[in-house]
Each structure stands twice: as structure tokens, then as C-alpha cells.
Amino acid sequence: MQQVEALGNGTCSTIISVQEIVRSDAENIPERYIRNPDDRAKSSEISLVPDDRLPVIDFSLLAQGDEEERRKLDVACKEWSFFQIINHGAEEALPKVKAAAAQFFDLPLSEKKKYAMPPDYFEGYGQDDKAEDRKRDWIDLLWLLTMPPHSRNTKYWPLTLPGFGEAVEEYATEMQRVTYEILGNLSLLMGVERDVLKQLHGEVKQGTRMNYYPACARPDLVFALSPHCDYTSISFVLQDDDITALQIKHKGMWVPVKPIPNAISVLVGDVMEKQQLSRCKTVVNLSWSNGKYKSLEHRAVANMEKPRNSVISFVIPSDEAELNPLKTMVDDDHPPIYKNGVTYIEYLLYTQNKETDEDKYVNIDYLKIQN
Ligand SMILES: O=C(O)CCC(=O)C(=O)O
Ligand SMILES: [Fe+2]
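Per chain, residue numbering runs from 1 following the sequence as it is written. Chains carry letters from A onward and ligands carry numbers from 1 onward, assigned in written order. Given that this is a predicted model, residues contribute local features only at a pLDDT of at least 70 and side-chain atom pairs are listed and counted only at 80 or more, while totals for whole chains, interfaces and linings are drawn from all residues. Side-chain descriptors were evaluated using all non-hydrogen atoms of the structure, hydrogens and water having been removed beforehand.

How we decide: UniProt positions are given in the numbering used here, feature names are shortened, and annotations may be inferred rather than shown by experiment.
For the chain, the name recorded in an unreviewed UniProt entry is Protein SRG1, with Sesamum angolense as its organism. Reading the Sequence similarities (unreviewed entry) entry of the UniProt record for the chain gives the comment "Belongs to the iron/ascorbate-dependent oxidoreductase family."

## Some remarks on the overall build of the chain
Basically, it comes down to this: The secondary structure listing takes helices from DSSP runs of H or I that are at least 4 residues long and strands from runs of E that are at least 2 residues long, numbered from the N terminus. The buried label applies to any residue whose accessible area, calculated with a 1.4 Å probe on protein chains only, is under 20% of its type's maximum; exposed applies above 50%, and partly exposed to all values in between. Only heavy atoms matter for contacts: two residues are in contact if any of them lie within 4.5 Å across the pair.
Summing up its helical and strand segments, the chain has 10 helices and 12 strands in all. Every one of the 371 residues in the chain was classed for burial, and the buried ones make up 56%. Intrachain contacts of the chain at a sequence separation of at least 6 include 76% that bridge at least 24 residues.

## So, helix H4 (residues 67-79)
Condition: Given a helix with a known number of residues, its expected span is that number minus one, times 1.5 Å. Regarding the arc, it is the one traced by the directions from the helix axis to the C-beta atoms. Under the rule applied, a polar contact is a pair of N or O atoms within 3.5 Å (in protein, one hydrogen donor and one hydrogen acceptor; residues adjacent in sequence only if both atoms are side-chain atoms).
Counted at 1.5 Å a residue, the expected span for H4 with its 13 residues is 18 Å, and the 18 Å between its end C-alpha atoms agrees. Residues of H4 that are buried: Glu 69, Arg 70, Leu 73, Asp 74, Ala 76 and Cys 77. For H4, the arc enclosing every buried residue in end-on projection is 165°, short of the 170-degree limit, so these residues lie on one face. Across from the buried face of H4, at angles greater than 90 degrees, the exposed residues are Glu 67 and Glu 79. Here H4 starts with a cap whose side-chain oxygen sits 3.0 Å from the backbone nitrogen of Glu 68, and that cap is Asp 66.

## Focus on the coordination of the iron ion (ligand 2)
Around a metal, the ideal angle is 109.5 degrees if four donors adopt a tetrahedral arrangement and 90 or 180 degrees if six donors adopt an octahedral arrangement. Applicable threshold: Any N, O or S atom lying within 2.8 Å of the metal counts as a donor, and for Na, K and Ca the limit rises to 3.2 Å; water is left out, so some sites can look incomplete.
Taken together, the protein ligands of the iron ion (ligand 2) are His 228 (NE2), Asp 230 (OD) and His 298 (NE2), with distances of 2.1 to 2.2 Å. Sequence positions of the donors to the iron ion (ligand 2) reduce to the motif H-x1-D-x67-H. Of this pair, His 228 sits in strand S6 (residues 225-228) while His 298 sits in strand S11 (residues 298-300); the two residues are 70 residues apart in sequence, bridging distant segments of the chain. Summarising the burial analysis for this pair, His 228 and His 298 share the class buried.

## Focus on the sheet that holds strand S1 (residues 56-58)
Short version of the rule: Here the rule is simple: two strands pair whenever DSSP picks up at least two bridges between them. Only C-alpha atoms enter the line fits that serve as axes; for helices the fit covers just the stretch in contact. Angles between N-to-C directions range over 0 to 180 degrees.
Strand order across the open sheet formed by 8 strands is S1-S2-S10-S7-S12-S5-S4-S3, with mixed pairing between neighbours. A strand with exactly one partner marks an edge of an open sheet, and here the two such strands are S1 and strand S3 (124-126). Strand-to-strand twist in this sheet, taken as the mean axis angle between neighbours without regard to direction, amounts to 25°. Here strand S7 (residues 234-239) runs beside strand S10 (residues 264-268); their pairing, made up of 4 bridges, is antiparallel. Residue Ser 235 lies in a different strand from S10, and its bridge partner there is Leu 267. In the packing of helix H5 (residues 93-106) onto the sheet, the strands contacted are S3, strand S4 (140-147), strand S5 (205-213), S7, S10 and strand S12 (308-316), and the crossing angle to S5 comes to about 60°.

## Notes on the sheet that holds strand S9 (residues 253-256)
One open sheet accounts for 4 strands, arranged S6-S11-S8-S9; its pairing is antiparallel. At either margin of the open sheet sits one strand with a lone partner, and together these are S6 and S9. Averaged over all pairs of adjacent strands, the angle between strand axes in this sheet comes to 25°, irrespective of strand direction. Pairing analysis gives 3 bridges linking strand S8 (residues 246-250) to S11, with the strands arranged antiparallel. Paired with Ile 248 across the strands is His 298, a residue of S11.

Right, dumping it as C-alpha cells:
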């Protein structure tokens, strides 16, 4: 599939595990992780919004068709592009998938390397951005396609770990159920039938990414995960309960997301609408929502005390899915910006190209309607 080319564009086949760097010398941060002073997280950009202002949605009410909860979902997506869900019914699966991730990263490097991410592919154990000439994030990860079942490449799955396959399967199935309910509610909010957003994906794919962020002696110098938007319709972030590391951009400031035990964070992705990104200077407006819901810029910061794990579920349309705005989202005040018929794979090829050449990013203009 073409997503292989779009997402896997590294040229380096060596795994440089941050976990191993810390194991061999925890005090010394290698140069390629140290951000230029201008790029570092600044305390002046941290928002002081109280934790209880971040939107929380009771999933069980949404699933019962509660209109008030659906209205809250609308406000959360419009104002924050973010919400946490509670009472989602997946509570039993959470500790199991967290334990599976922790168990994997506890393996010796020689074992983990058996699942190594190839140079031009995105599944497996390795790093996010393999470009040699850019600063790296303080992270190791394992990326797996988890849904639909026929898309699974089990050679990247550490199935010799007891319970790993079962835990990932259970979590993936639960997240699929939750995904469909949220897409159903967002469809209703956009004035179309419940199943419309799901169908627009074509075959709905799900990627599961297990992130491992080692403790860092100088968290002020590095990024655990650089600011970015996800190339998804929606994403789910399952965090360790006791570390606040995920930060979301809200009204120009970074808001730390204090995890609520057993809750899952939900992020609006680019397929709803991508906004101007400070990092890659792209404006993409390929949205189904035509700007009603914008994708969320987010990042993760490192910490000194202890390693952190997170498990992310990415909801991904098929390559051929067309990213035209829904008809109900277009009117004289909100005309479509991009050419009719732009597909998800075109969007990926234009935006996920991680070349340092800035022009590549600007080329997204090719997809715009020319007047
Ligand atoms: O670890 C986190 O909190 C965020 C992870 C994330 O944004 C990602 O993997 O895309
Ligand atoms: Fe993300």
C-alpha cells in the first residue's frame, strides 16, 4: 500500500534506542537530541487553565444517545479539538495493554530488534523520524497496524511475550467500538446520518503505537515528542496515570493534560481539518468538517523522575478515501478550499514527507482550488 511510502521515509536502518542511551549514560544527552534554544518548550507558553476546564465526555451517555452529552462533544471538538472520555467500557483492557507495552520495552535490545522497523516502513520497533539531519525526540516506539485483522503484520508483533497478542487484540477491539460511536456522534453533529463519517473512511484502519519515553536528566533541553498533528480522523491517547506529559495547543498556549485515571484522551486529527502548524508551516484544509472541527497540535514533554509509556490508537482512512467536505458543511460563508476528490494518500504524500526542504510542505497548495 502507498501508505508505506508516505509514512516510512527514513534512510537509516540502525536503531538508536534512547532507552539504551540512558542505560549506558543517564547524565549525558547526545547532541542530536538537544534542541536549539528557540525550539525548546518555554514556560511562558504554558497555559494556567485549571485541569477541570478540560472537556470530559461521559461515553456511556453518548452511547445512549444523550443529546446534552452530544452537545458537549460538539463544544469540546470546536473549542479544544480534544476531550477525555470516561465510562467508555474499555476499563478492563487498559491495564492489560499498558502492561503489554511495558513488558515489550523491558526486553533486552537484542530481542526488541527482532521486530525492528525497516528503513522505509512505519511498522515495528524504532524511531519516529529517521532523518539523519534533524533533531530527534526522546522516545522509542513500537508501531503496529491493528485493525482490520487482515492488515496485521504479525512479524512485528512480539507474540512470544505471554499475553501480548491478547491484550493488543482486546484493546484494539474496544477502541474500534469507541471509534464508531464517536464517529457516529460527529456525523450527527455535522447534520448527516450516523454511519456517514465511518463510510467516508472506506476501510477504517487502526494503528497502535506504543511509546516509551525514558526519564531524562535534562528535560528542558529535549522534546519527548515534538509538536505535531496526527494524520488521522481521530486518535486516542492512553497515558500513565501519574505523569503529566501530554500538552495540547489551545488559544496559542500549551495546556498540560493531567491524566484522569481510566480515562482516554481523544484528539481531532487532520482528516477533520488541519490547521497551521508552527513546525511545518503548512495549512491544509482537506477536512470533512470544512473547518468546524480543527486538528489538534500536541506534544509530549520529558521528565526527570521516571520512564513513561503511552499507547496511541490512530484511526486512519483508506488510501482512496476522498477528503471533500461534507455537503452539509459547505455554504457561501464556508466554501471548500481544496480540489474536489483529493484523496487521503495525496494528503499523506504532501504532508508527511519529512524532507528538510520546506518547499515540500508548501506544495500542498497544489491541492487547492485555483481561482
Ligand atoms: O505520548 C503522548 O502523550 C502523545 C503521543 C502522540 O501524540 C503520538 O504518538 O502521536
Ligand atoms: Fe500525536
